[in-house]
Amino acid sequence: MKTNLTYNQLRNAAEDSLAKKNCKGRIRVLLGYSTCSVTVGANEVLKALQEAVAYGQLRNVIIETTGCVGLCSKEPLIDVIMPDDKKFTYELVTPKKAMAIVINHSLYEEDVEEWLIKM
């Protein structure tokens, strides 16, 4: 089936791309980055994440952006994916919250429960 083949090709390409990023054993911080998130502060959140990683010399953290997540009312959104693949999603992230989130996860391996998405 052609659809299945295309899906498998896309999945393999995505897995290859992640492997090349050397994510193994590192924390991935994924910022939803589209028109709706940019209008409510995603640029500032991205800058805060980059500053926290640089200033804290957090070599165990990779910052990435992705497209629309589909939850405009909750933007900016951040996913934190731990090395064991446990995922935490944060809503309404500000630059100060972004810095605290990345520091809590990378240095203390703790989430910030009150900022986790509520669905």
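Preceding this section is the structure that the text describes.
As a starting point, this report considers the structure included with it. (Residues numbered from 1 in each chain as written. Predicted model: local features only at pLDDT ≥ 70, side-chain atom pairs only at ≥ 80, totals over all residues. Heavy atoms only, no water.)

### What about the sheet that holds strand E2 (residues 61-66)?
Here we have four strands laid out as an open sheet, ordered E2-E1-E3-E4, and mixed in their pairing. With one partner strand each, in any of the chains shown, E2 and strand E4 (87-90) form the two edges of the open sheet. Neighbour to neighbour, the strand axes of the sheet diverge by 20° on average, direction disregarded. Examined bridge by bridge, strand E3 (residues 78-81) and E4 share four bridges and lie antiparallel to one another. When the sheet's bridge partners are listed, Val 80 is paired in E4 with Phe 88. Strand contacts of helix H3 (residues 42-55): strand E1 (27-32), E2 and E3, with the helix running at about 165° to E2, the strand carrying the most contacts. (Pairing = 2+ DSSP bridges. Helix = DSSP H or I, 4+ residues; strand = E, 2+ residues; numbered from the N terminus. Axes fitted to C-alpha atoms, helices over the stretch in contact; angles between N-to-C directions. Contact = heavy atoms within 4.5 Å.)

### Focus on the pairing of E1
Within E1, six of the six residues are buried, leaving the element largely enclosed by the surrounding structure. Inspection of the sheet shows E1 paired to E2 by six bridges, in the parallel sense. When the sheet's bridge partners are listed, Gly 32 is paired in E2 with Thr 66. As paired elements, E1 and E3 share four bridges and run antiparallel to each other. Counted as the bridge partner of Leu 31 is Ile 78 from E3. (Buried < 20%, exposed > 50% of the residue type's maximum accessible area, 1.4 Å probe, protein only.)

### Side note on the nonpolar core
Core analysis: the largest hydrophobic core is formed by 23 residues, its most contacted members being Ile 78, Val 80 and Tyr 90. Counting only elements with at least two residues in this core, the list comes to E1, H3, E3, E4 and helix H4 (95-108). The biggest single contributor to this core is H3, with seven residues. (Core = buried A, V, L, I, M, F, W, Y, C linked by side-chain atoms within 4.5 Å.)

All quantities given are derived from atomic positions and should not be read as evidence of function.
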